[in-house]
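What follows is each chain in one-letter form.
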Amino acid sequence: GESVGLHLPTLSVQEGDNSIINCAYSNSASDYFIWYKQESGKGPQFIIDIRSNMDKRQGQRVTVLLNKTVKHLSLQIAATQPGDSAVYFCAETWYSSASKIIFGSGTRLSIRP
Amino acid sequence: SQTIHQWPATLVQPVGSPLSLECTVEGTSNPNLYWYRQAAGRGLQLLFYSVGIGQISSEVPQNLSASRPQDRQFILSSKKLLLSDSGFYLCAWSVLGRGNYGYTFGSGTRLTVV
């Protein structure tokens, strides 16, 4: 669910290593999940999505895993690069006319050279 | 192609002054439109959404209001700003039926109330 009042946790990763960012979602009725990347001073950008009838989806250097049993979502970034430094948000939604997206707590990813 | 415009990019306003932030979308029709606010170092909070002209739903009771006078225009307003209204305001749009419920966000307006 929304965690707008919390300070963002930080994940520090060595350049070239894999990053794993975790997220817990709140609504068991959610049927679509999205990861966004937000760079400083910019709006969030879509990275990858997954529907509730899937448990894994791969993109270019990114993989999203969905565990509906424990309502957990993760984003894996392979071979992390300096350009991956950003805040990452998971988001959940369900089909309705409003199509509202609820953002989870973000994670700040920093890359060590 | 679809684009979304927000302005201004930054704004400094005194407490008690009015506010008007505008968002427009191009290249699509009948989009769902959304206003989010993000406090410094925090997550995104949904403020308002609209599924059509003149249709506004408020998620959080507050000092702000929204209006949608045209299909592709969404306006965030306040009659008297509070210090707590400071933040990064983001407009977004989505179109149902495209197989992707994800939003496209604007570049945001950073509001500082002094």
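All of these numbers come straight from a predicted model, not from anything done at the bench.

Parameters and conventions
Residues numbered from 1 in each chain as written. Chains lettered and ligands numbered in written order. Predicted model: local features only at pLDDT ≥ 70, side-chain atom pairs only at ≥ 80, totals over all residues. Heavy atoms only, no water. Helix = DSSP H or I, 4+ residues; strand = E, 2+ residues; numbered from the N terminus. Buried < 20%, exposed > 50% of the residue type's maximum accessible area, 1.4 Å probe, protein only. Contact = heavy atoms within 4.5 Å. Areas by Shrake-Rupley, 256 points an atom, 1.4 Å probe, with all protein chains shown as cover. Lys, Arg positive; Asp, Glu negative; His and termini not counted. Charge placed at Lys NZ, Arg CZ, Asp CG, Glu CD. Polar contact = N/O pair within 3.5 Å; in protein donor to acceptor, adjacent residues only side chain to side chain.

It is worth spelling out the overall build of chain A at this point. Looking only at helices and strands, chain A has zero helices and ten strands in total. Reading chain A from its N end, one meets helices and strands in the order β-β-β-β-β-β-β-β-β-β. The dimensions of chain A, computed from C-alpha atoms along their principal axes, are 45 × 30 × 20 Å. Looking at the 113 residues of chain A, the share that counts as buried comes to 42%. Across chain A, every contact between residues at least 6 apart in sequence was considered, and the portion connecting residues at least 24 apart equals 55%. Roughly 5500 Å² of accessible area belongs to chain A as shown, and the carbon and sulfur atoms make up 48% of that amount. Taken as two groups, the 11 positive and 9 negative side-chain charges of chain A have centres that lie 1 Å from each other.

Residue and element names in this part refer to chain B. Structurally, the position occupied by Tyr89 is in strand β9 (residues 87-94). Residue class for Tyr89 comes out buried when judged on its relative accessible area of 0%. Along the backbone, Tyr89 and Trp35 are 54 residues apart, and their C-alpha atoms lie at a distance of 7.0 Å. For Tyr89, the residues in contact, after removing those within four places along its chain, are Gln6, Leu21, Trp35, Tyr36, Arg37, Leu47, Leu64, Leu76, Gly108, Thr109 and Leu111. In this structure the side chain of Tyr89 is engaged in a polar contact, spanning 3.1 Å, whose partner is the side chain of Arg37. A polar atom in the side chain of Tyr89 sits 2.4 Å from the backbone oxygen of Asp85.

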